[in-house]
There are 2 protein chains.
Amino acid sequence: MEFISGGVCAAKGFSANGIHCGIRKNRTKRDLSLIYSECVANVAAVYTTNLVKGAPLVVTKRHIQNGKAQAVICNSGNANTCNANGEQIAEQTCSLLAKELNIDSNDIVVASTGVIGQEMSIKPFKAGMPQLVNGLGDNSNFAEEGIMTTDTIAKSVAVSFEIDGKVCKLGGIAKGSGMIHPDMATMLVFITTDCAISSEMLNKALKSDIQSTFNMVSVDGDTSTNDMVVVLANGLAQNKEITKEGKEFDTFMCALNSVNVALCKMIAGDGEGATKLIECKVKCAKNEEIAKKVSKSVICSSLVKSAMFGSDANWGRILCAIGYSKCDVDVNKIDVKFISKGGEILVCQNGLGVEFSEELAKKVLLEREIIIDINLNDGKATATAWGCDLTYDYVKINGDYRT
Amino acid sequence: MEFISGGVCAAKGFSANGIHCGIRKNRTKRDLSLIYSECVANVAAVYTTNLVKGAPLVVTKRHIQNGKAQAVICNSGNANTCNANGEQIAEQTCSLLAKELNIDSNDIVVASTGVIGQEMSIKPFKAGMPQLVNGLGDNSNFAEEGIMTTDTIAKSVAVSFEIDGKVCKLGGIAKGSGMIHPDMATMLVFITTDCAISSEMLNKALKSDIQSTFNMVSVDGDTSTNDMVVVLANGLAQNKEITKEGKEFDTFMCALNSVNVALCKMIAGDGEGATKLIECKVKCAKNEEIAKKVSKSVICSSLVKSAMFGSDANWGRILCAIGYSKCDVDVNKIDVKFISKGGEILVCQNGLGVEFSEELAKKVLLEREIIIDINLNDGKATATAWGCDLTYDYVKINGDYRT
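Keep in mind that what you see is a predicted model, and the values were worked out from it rather than measured.

Reading guide: rules and limits
- Residues numbered from 1 in each chain as written.
- Chains lettered and ligands numbered in written order.
- Predicted model: local features only at pLDDT ≥ 70, side-chain atom pairs only at ≥ 80, totals over all residues.
- Heavy atoms only, no water.
- Buried < 20%, exposed > 50% of the residue type's maximum accessible area, 1.4 Å probe, protein only.
- Helix = DSSP H or I, 4+ residues; strand = E, 2+ residues; numbered from the N terminus.
- Arc of directions from axis to C-beta.
- Contact = heavy atoms within 4.5 Å.
- Buried area = accessible area lost by both parts, 1.4 Å probe.
- Nonpolar A, V, L, I, M, F, W, Y, C, P; charged D, E, K, R; others polar.
- Phe/Tyr/Trp six-rings, centres within 6.5 Å; stacked < 30°, edge-to-face > 60°.
- Lys NZ or Arg CZ within 6 Å of the ring centre and 35° of its normal.
- Polar contact = N/O pair within 3.5 Å; in protein donor to acceptor, adjacent residues only side chain to side chain.
- Least-squares fit on C-alpha atoms with pLDDT ≥ 70 in both.
- Salt bridge = Lys/Arg side-chain N within 4 Å of Asp/Glu carboxyl O.
- Pairing = 2+ DSSP bridges.

Student: Please explain helix H10 (residues 358–365) of chain A as it appears in this structure.
Tutor: At 3.6 residues per turn, the α-helix brings residues three or four places apart onto the same side. Residue and element names in this part refer to chain A. Listed as buried for H10 are Ala-361, Val-364 and Leu-365. For H10, the angular spread of the buried residues around the axis is 90°, confining them to a single face. Exposed side of H10, more than 90 degrees from the buried face: Glu-359 and Lys-363 are the residues found there. Its buried side turned inward, H10 meets helix H8 (302–309), strand S11 (335–340), strand S12 (343–349) and strand S14 (369–375).

Student: So what exactly am I meant to see when it comes to the interface of chain B and chain A here?
Tutor: As a measure of interface size, the accessible area lost when the parts come together is often cited. Contacts between the two partners involve 55 residues from chain B, matched on the other side by 55 residues from chain A. Roughly 4,400 Å² is buried in total at the junction of chain B and chain A, and carbon and sulfur atoms are behind 59% of that figure. Among the secondary structure elements, those contributing two or more residues to the side of chain B that touches chain A are helix H8 (302–309), helix H9 (316–323), strand S13 (352–353) and helix H11 (392–399) of chain B. The element contributing the most residues to the side of chain B that touches chain A is H11 of chain B, with six residues. Of the residues assigned to the side of chain B that touches chain A, the class counts are 24 nonpolar, 20 polar and 11 charged.

Student: I would appreciate a short explanation of the packing of aromatic side chains in the present structure.
Tutor: Any pair of aromatic rings gets described here by the distance separating the centres and the angle formed by the planes. Scanning all chains against the criterion turns up five aromatic pairs over all chains. Considering the side-chain rings of Phe-161 of chain A and Phe-252 of chain A, the 6.3 Å spacing of their centres and the 65° angle between planes classify their relative orientation as edge-to-face. Remark: Phe-252 of chain A occurs in helix H6 (residues 247–269) and Phe-161 of chain A occurs in strand S6 (residues 155–163); sequence separation between them is 91 residues. Using a relative accessible area of 5% as the deciding quantity, one classes Phe-161 of chain A as buried. Three or more aromatic residues link up through ring pairs in this structure, and these residues are Phe-309 and Tyr-392 of chain A together with Phe-309 and Tyr-392 of chain B. For the cation-ring pair, Arg-30 of chain A lies above Phe-142 of chain A, with the distance from its terminal atom to the ring centre recorded as 3.8 Å.

Student: Help me understand the environment of Asn-375 of chain A in this model?
Tutor: All names here are of chain A. For Asn-375, the location among the structural elements is in strand S14. On the accessibility criterion, Asn-375 (15% relative accessible area) is buried. In sequence terms Asn-375 and Lys-333 are 42 residues apart; their C-alpha atoms lie 8.1 Å from each other. In contact with Asn-375, other than residues within four places in its own chain, are Lys-283, Cys-284, Lys-333, Ile-334 and Asp-335. Only 2.7 Å separates the side chain of Asn-375 from the backbone nitrogen of Asn-377, close enough to count as a polar contact.

Student: Where do I start with the relation of the copies chain B and chain A in this structure?
Tutor: The relation between the two copies of this chain is a rotation about an axis and a shift parallel to it. Superposing chain B onto chain A requires a rotation of 180° together with a translation of 0.0 Å along the rotation axis, leaving an RMSD of 0.0 Å. On this basis, the relationship between the two copies can be described by a two-fold rotation axis. The rotation axis passes nearest to the C-alpha of Tyr-392 of chain B in chain B, at a distance of 2.5 Å. Both copies contact each other with a shared surface, as 100% of the interface residues of chain B are interface residues in chain A too.

Student: Teacher, can you tell me more about the pattern of salt bridges here?
Tutor: Note that side chains of opposite charge can pair when their charged atoms are close. One pass over the structure, following the stated rule, counts 28 salt bridges over all chains. Here Glu-245 of chain A makes a salt bridge to Lys-204 of chain A, at a shortest N to O gap of 2.9 Å. Within this pair, whereas Glu-245 of chain A is found in the loop between strand S9 (228–233) and H6, its partner Lys-204 of chain A is found in helix H5 (residues 199–209), the two being separated by 41 residues in sequence. Its relative accessible area of 41% is what places Lys-204 of chain A among the partly exposed residues. Close ionic contact of Lys-286 of chain B with Asp-328 of chain B constitutes a salt bridge, the shortest N to O distance being 2.8 Å. Placement of the pair is Lys-286 of chain B in the loop between strand S10 (277–285) and helix H7 (288–300) and Asp-328 of chain B in the loop between H9 and strand S11 (335–340), with a sequence separation of 42 residues. Among the residues examined, Lys-286 of chain B registers a relative accessible area of 42% and is labelled partly exposed. Each of Lys-286, Asp-328, Lys-333 and Asp-378 of chain A takes part in one network of salt bridges that share partners.

Student: Honestly, the pairing of strand S10 (residues 277–285) of chain A in this entry has me stumped. Any pointers?
Tutor: Within a regular strand, side chains alternate between the sheet's two faces. Residue and element names in this part refer to chain A. Here S10 runs beside S14; their pairing, made up of seven bridges, is parallel. Across the sheet, the residue bridging to Lys-281 is Asp-373, located in S14. Note: S10 against strand S15 (residues 381–388), seven bridges, orientation antiparallel. Residue pairing across strands places Lys-281 opposite Thr-384, the latter belonging to S15.

Pasting the structure below:
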């Protein structure tokens, strides 16, 4: 398996586009994206568990009940959530696109991201649709831009792998930044692949993988109303369709996981206001659930996040966050290290502080990617969670988001 | 019942002091506090549920097993947590004080607050003990200062009430600020009363009251390692001792609740970096558990907190926080209002936005105390949670706490 370029257009038969259609006032920012497969694809999706759900999610669920989809349309600038006519707008969007593409409206996945509770007009969609469709091509980068909100970098990744002697490709794009604390569901991620795989196995692969990828990311502890991850598989790589577990399914899972982990790191590292990606690796836990809870508790702690911003080796806050994770761990066995390109430093052993060089600690923590390495010395399970530091800019961005 | 001055010295037979003994480098900051009762008092305490526990908590639990105590000693500047000799230091502190006061070392409650995992020396305690004891008097204010860390205001409150024809008094002091998200336990709060009440009923009163007071406060979602609330009742008001439920117990509960609610508001309003106290009132919930979870979810949301800092009426984030609280609520019935001295404004009705004056919303939200009033229109239960806004200063304070 190797990483390649091309994002959601890497896989055979997929094209994309992104334009400014007028949902946002800023005319230089693309606000409407499209991903299109030349044939109907199998589809799998997971959604936010927030009780308040964006209207587009409701419509998408209805559309892909049969496990098939051919296009994804997504706007930024307005979440189309808590709006009286939300579903109507989302359905109209699909109808407009279906007509322009000459496909079935029920084969369209629709998504929105932006402010909640702001009325949405169909006008910009109507005006922009011809341009959006006419510009379809090898434009994953335009689609990436169109779904960005407060993201500062476009997030895209693709891999190629072999199944059954055929080269398959799988690529994804993501929108991250704020309101990110997925729970049994995810942020906005669109993945395409030309690998032939049944909807059933595609669903199985996605639902299993997100438990150790997107569900282990937190930017701010807020689980969004509009999160979804969608995978389209159009089968154009012409491998024998994967319909059961086995070597081929494992290869596909491995490719999916590589793409998802890469997107997780991009999303966490580009969290609202973030200056650093924090990766918390927990090892030697009694079981996986404990490893997951402990790592997530650490990356969610506002105090740990603030210390990371200040490059302060305040490991006591890490112990504190482990302590309130409600997990059965033996505090007196815990070791903590900080690891980065700047080096590696042990700061806590058997739950107690050890003497360490503050100078080296600073050097390690001044890097842009920090690993908090926690050894529970209590078993064999491991888990990794991804987060970011808490900065002035997070407060700035969110103190005045609507204006 | 009326509010009075005097803090922990309001009740008969209690005196207090606070000095700088040298635990902190800043010589103008008091770092050691003492509360003393002229006779042995009944005592009740609740502690943090964090698995990592400060050494002083372990020692205190041992000392007050018999339900009796006569003094409370507390230092700031070092949490005495994750230290190899932590318990030894805490016991030595009690011995030194017992000798100076000529009381039993087992009748002493000991507490610490500050940095976790930093070695602690007994020397400053030894040096300061005579001065600490000699200065005992009507000095609740000195004791308040001695337990402060990043607090910007001293937190103290007292009430007087009548039981059985006798005037009783009950007063408390608190340390708040950061690492505040109590869970079945609390922050550092010391309460004194001259009301005669058995240890058993005192325990019952405290354990019941904190469920709707301190456990409903969150500054940053971090549950500290050193939290405790202690109540000393020395009986000098000479009312007939309260030994069972009934009118007298209710009167006592009411006084305790008034003091605790006042301290909660002070702690939340003076959260690290906070510029505003946020009170989230949930009413008409199906049951109390839902009311509590919803109100706490809202005040814990980083996005809601940031919006409050920016005086931005971004109610969609409130709906979002209700939605991920995992409670059985009907989203389509939710009304949301903002209320303050600046006025009252309805921003969401039946889960949908309503037109409102942005000008009035700004006026309401620019105040220092904001009520987020949520009506679930689904039953009769209510709950209130207290939090604060998320500001640049929270990040500043915690990005570089140790230095």
